[in-house]
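Survey of secondary and tertiary structure
The residues making up each chain are set out below.
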Amino acid sequence: MKFSDYRISPDIKQNLEKLGFKKPTDIQYKSIPPILNGEDVLAIAQTGTGKTASFAIPVIHLLQGRKRNDRPSGVRCLIMVPTRELAMQINEAIRTIGKGTNVKTCAIVGGVAQDPQIAQLEKGTDIVVATPGRLFDLISQGYLNLDRVEVLILDEADHMLDLGFINDIKGVITKIPKQRQTLFFSATIDERIKKLAYSIVRKAIRIQISPKNPVAKNITHSVAFIEMDDKRFFLERLIKENEDQKILVFVRTQVRAERVAKAMERVQIKAVTIHGGKDQKDRLKVMESFKNNHVKVLIATDVSARGIDVPGVNQVVNYDIPEQTENYVHRVGRTGRGTQKGLAIAFCSEEEKPLLTDIEDYIGQKITVQKINQEDYNHTLDYSEEHPHDWKSLLKEAETPKPKKKHKKRK
Ligand code: AMP
């Protein structure tokens, strides 16, 4: 089945063609028809599977076909998402897929001035893509009216619950008409997700994508066993040997993100970082430079993982093995997006091996081991422009809380 065979407006078909979307992905194939039929949908789908378009396409079509209500500020579709980055991306995707239709969209997110958002609401919008905080602010200030909402979408519901948005979500739902279509998306499912889902959907069509393997099919996974202190040399080599590639590196903490970036800087590799410690303006700047290929290496923490939808990420490096298994899925989902192929490699130290086993259990597959013989391992350390011993002493210095000895001069 091709998009050209779907019962959707010619404008949308044309936009999909321009985007290079020919065939629907699994989730799109399963969810577009019921959504077009006005059904509620409960979908367990991971990011990278094409889930944004799976709701954007039918919702834009439905809104385009229905009569616009007379109140300019009457929002007809509300999309709630956990992060600002995701809100901006979904807003952008809707704008692109809905180009030439009369369907208007805007993003309501915190961390930036509210006046331009209010101005957009006053001009009239059909769709609002929002994070809970700013959404509440604007509702309580009287700028946003939800009593005309026909479609409610919760995206990455599990992440919203992880971030503690449950009461905000419930609060918003009380302001939306009961007679509506509800679409509920989550990457993972457990008791709390089910409880929330069943409290807001009615007789939903359930869709699950690859239940046994939550990771997108077009990603090749592997793991290499590398000692903690040696990881940066392997990263240096991987980046230098793949100069043309866009590489996304995941680390556990903000501090590690900055340290790895510094280590790369010392060996002449340009890298940028994104994590919760950066303000929104910085994060946007960083994402732009990575998107536009000004910088090919982005070092990120899990907090920012889900919001990153950058086309053409060739490799995801799990520089640290994630402590929460489901984060593995979100991290590697940044590559192999849509119909593209992607590579994911994990650097696993001896002490991280139990975490790796947990991940394999979770995704229901063994991750292929990239064997490194001793000679090659040593070669990688020698390959580095920074002498391993110097680095080790640097690392020790950095991790000693109160250095009594004199610091060695940094290179
Ligand atoms: P998502 O899971 O919505 O974050 O989408 C992941 C990526 O897949 C995005 O970069 C989309 O542009 C891309 N994509 C979505 N649907 C298709 C499709 N049918 N064909 C090709 N690429 C797609």
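Residues numbered from 1 in each chain as written. Predicted model: local features only at pLDDT ≥ 70, side-chain atom pairs only at ≥ 80, totals over all residues. Heavy atoms only, no water.

Our focus in this paragraph is the packing of helix H1 (residues 10–19) against helix H3 (residues 51–65). It is the contact of H1 with H3, at a shortest axis distance of 10 Å, that shows an interaxial angle of 150°. Comparing their axes, H3 and H1 come out roughly antiparallel. Where H1 crosses over H3, the handedness of that crossing is right-handed. Residues Asp 11, Ile 12 and Leu 16 of H1 form the contact with H3, whose participating residues are Ile 57, Ile 60, His 61 and Gln 64. Taken together, the residues that form the contact of H1 with H3 break down as four nonpolar, two polar and one charged. (Axes fitted to C-alpha atoms, helices over the stretch in contact; angles between N-to-C directions. Helix = DSSP H or I, 4+ residues; strand = E, 2+ residues; numbered from the N terminus. Parallel < 35°, antiparallel > 145°, perpendicular 65-115°, else oblique. Left-handed = near helix turned anticlockwise from the far one by under 90°. Contact = heavy atoms within 4.5 Å. Nonpolar A, V, L, I, M, F, W, Y, C, P; charged D, E, K, R; others polar.)

Lining the immediate surroundings of the ligand are 15 residues, of which Gln 28, Gly 48, Gly 50, Thr 52 and Arg 337 lie closest. Lys 23 is positioned with one of its backbone polar atoms (N or O) 2.8 Å from a nitrogen atom of the ligand. Between the ligand and Gln 28, the relevant distance is 2.8 Å, taken from a nitrogen atom to a side-chain nitrogen or oxygen of the residue. In isolation the ligand exposes 500 Å². Once the protein is present, 86% of that is buried. (Near = heavy atom within 4 Å. Polar contact = N/O pair within 3.5 Å; in protein donor to acceptor, adjacent residues only side chain to side chain. Areas by Shrake-Rupley, 256 points an atom, 1.4 Å probe, with all protein chains shown as cover.)

Moving on: the side chain of Thr 380. When you line up the elements, Thr 380 lands in helix H15 (residues 374–383). Side-chain polar atoms of Thr 380 contact the side chain of Arg 237, separated by 2.8 Å. Discounting residues that sit within four places of it in the chain, Thr 380 has contacts with Phe 233, Phe 234 and Arg 237.

Here we come to the layout of surface pockets. In this structure, the largest pocket occupies an estimated 1,200 Å³ of space. Thr 52, Gln 89, Ala 93, Asp 309 and Pro 311 are the residues nearest the centre of the largest pocket, which is lined by 44 residues in total. Classifying every residue of the lining of the largest pocket by side-chain character gives 16 nonpolar, 17 polar and eleven charged. Both domains that meet at the lining of the largest pocket, namely domain 1 (3–208) and domain 2 (219–387), each give it at least three residues. Its boundaries defined by the atoms lining it, the second largest pocket holds a volume of some 340 Å³. What lines the second largest pocket is a set of 19 residues, among which Phe 234, Leu 238, Ile 345, Gln 370 and Ile 372 lie closest to the centre. The set of elements that each furnish at least two residues to the lining of the second largest pocket consists of strand E8 (219–225), helix H10 (231–241), strand E13 (342–348) and H15. In terms of residue class, the lining of the second largest pocket is built from nine nonpolar, seven polar and three charged. (1 Å grid on protein atoms, 1.4 Å probe; cavity = no way out; pocket = protein on both sides within 12 Å on 5 of 7 lines; lining within 4 Å. Points joined across faces, edges and corners; volume = space filled by probe spheres on them. Domains from an automatic or database assignment.)

Core analysis: the biggest nonpolar cluster contains 37 residues, and Ile 57, Val 59, Ile 79, Ile 127, Ile 153 and Leu 183 have the highest contact counts within it. Of all the elements, H3 adds the most residues to this core, at seven residues. By size, the runner-up hydrophobic cluster in this structure holds 32 residues, among which are Leu 121, Leu 144, Phe 184 and Ile 200. (Core = buried A, V, L, I, M, F, W, Y, C linked by side-chain atoms within 4.5 Å. Buried < 20%, exposed > 50% of the residue type's maximum accessible area, 1.4 Å probe, protein only.)

So, to be careful, I would describe these as geometric facts and stop short of saying anything about function.
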